[in-house]
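Secondary and tertiary structure notes
The residues making up each chain are set out below.
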Amino acid sequence: MYIICPEGTELNSLLQYYAHLLSLKKFTNALKNISSFYLSRLTGGYFVWGKPFSFFIEPTNLCNLRCTECPVGLKLLKRPQGLLDFDRYKKIIDDISGHAWQLLIYYQGESTIHPQLIPMIEYAYQHKIYTELSTNGVRLGNSKFCRELAESHLSKLIISLDGATEETYKIYRQDGLFHRVVAGTRNFVKIRNSLKKRYPRTVIQFLVMRHNEHEMAAIKKLGKELGVDAVVYKSPQIYDFENAEDILPQNPRFRRYEKENGRYRLKGTYSGYCRKLWFGSVITQDATVIPCCFDKDADYPLGYLNQTDFGTIWNAAAYHRFRRTVVGNRNRVPMCRNCSEGLKTFFK
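Notes on the structure in this doc start here. (Residues numbered from 1 in each chain as written. Predicted model: local features only at pLDDT ≥ 70, side-chain atom pairs only at ≥ 80, totals over all residues. Heavy atoms only, no water.)

Here we come to helix α8 (residues 216-226). Taken residue by residue, α8 has Met216, Ile219, Leu222, Gly223 and Leu226 as its buried positions. When α8 is viewed along its axis, its buried side chains cluster within an angular range of 120 degrees and face the same direction. Exposed side of α8, more than 90 degrees from the buried face: Ala217, Lys221, Lys224 and Glu225 are the residues found there. The inward-facing, buried residues of α8 abut α7 (178-194), β5 (201-207) and β6 (230-234). Note on α8: the residue one or two positions beyond its end, Gly227, has a positive phi of about 85 degrees. (Buried < 20%, exposed > 50% of the residue type's maximum accessible area, 1.4 Å probe, protein only. Helix = DSSP H or I, 4+ residues; strand = E, 2+ residues; numbered from the N terminus. Arc of directions from axis to C-beta. Contact = heavy atoms within 4.5 Å.)

Okay, the nonpolar core next. With 99 residues, the main nonpolar core has Ile57, Tyr89, Leu103, Leu149, Leu161 and Ile219 as its most contacted residues. The residues touching Leu149, leaving out its near neighbours within four places in the chain, are Ile118, Ile121, Leu133, Leu140, Leu154, Leu157 and Phe188. If you look at the next biggest cluster of nonpolar residues, it comprises six residues, including Leu21, Tyr125, Tyr130 and Tyr199. (Core = buried A, V, L, I, M, F, W, Y, C linked by side-chain atoms within 4.5 Å.)

Next up on the list: the packing of helix α3 (residues 86-96) against helix α4 (residues 117-126). In contact at an axis separation of 10 Å, α3 and α4 are set at 20 degrees when each is read in the N-to-C sense. Viewed along their axes, α3 and α4 adopt a mutual orientation that is roughly parallel. Regarding α3 and α4, the two cross each other, and that crossing is right-handed. Along its contact with α3, which presents Phe86, Tyr89, Lys90, Ile93 and Asp94, the element α4 presents Pro119, Met120, Ile121, Tyr123 and Ala124. Split by residue class, the contact of α3 with α4 holds eight nonpolar, no polar and two charged. (Axes fitted to C-alpha atoms, helices over the stretch in contact; angles between N-to-C directions. Parallel < 35°, antiparallel > 145°, perpendicular 65-115°, else oblique. Left-handed = near helix turned anticlockwise from the far one by under 90°. Nonpolar A, V, L, I, M, F, W, Y, C, P; charged D, E, K, R; others polar.)

Here's what the structure looks like:
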């Protein structure tokens, strides 16, 4: 990974940007929330103070690609698909803005499909919320959208580029266009820099798999050529364990799983005290509140924001019951058995 340090007017722009996000009220809430998590873990007790400060909000669970390990791409997603209504989104932001400090404005779909994504980013920033977007990058090839995104108050942009060549890229990112993503990324960085901005911080994310691990050095070189701020590697989550070896890289540093008695299991050990259940929450495109980003099909709905406010859901018995279940025996919840949260870091 490499980091580009801002200078001069770019530094002033960055400082002004983050100064706008400062909030004593949000800081106090985050301190209470984090303290309750660590006190619970240290004592083996159960304390929940404050409200979560980090949220996923899903603008859409539709996608323009057919990635081979994605439930959306594989058409395996069981819940209804569609777009989050913009007026509903604004009501959600109004509801959580007193304690929300970070918004990951994506989940299971491709957020850039949503026609009001830019207004969503701006509305969150007006409410002192840091926004992060993860995208397959295809729509960056649209010059108008690319400029609008570069001019926005987005905090961080993650571009998934799982290959350094067209041939490798399309093995996983089916229906994707490698050259379009590369050209769009280059144009995005060029526009952002011309505006004398250092935000959104722009990152290329490379999912390390069997077919592309030989291009890890090449993707870092490409990232430097494109002018992004960093290139990061990520390990794949597996759903089809019968064909896992076709996907998992050979390099053990980048394998999330190990084989034991003929079965795959996550490396390492973990506690039932899961930070995700204290620090954050997920809101789907139909305004359902679910516990975390591993609940792809919303199998564990905790409340509905078209019926009540988030604070009521957060403090209701269902949320506490789910959290206590995970604390007591994490393996009782199927999705938790394939979740890397809380595991020791197994690669950098």
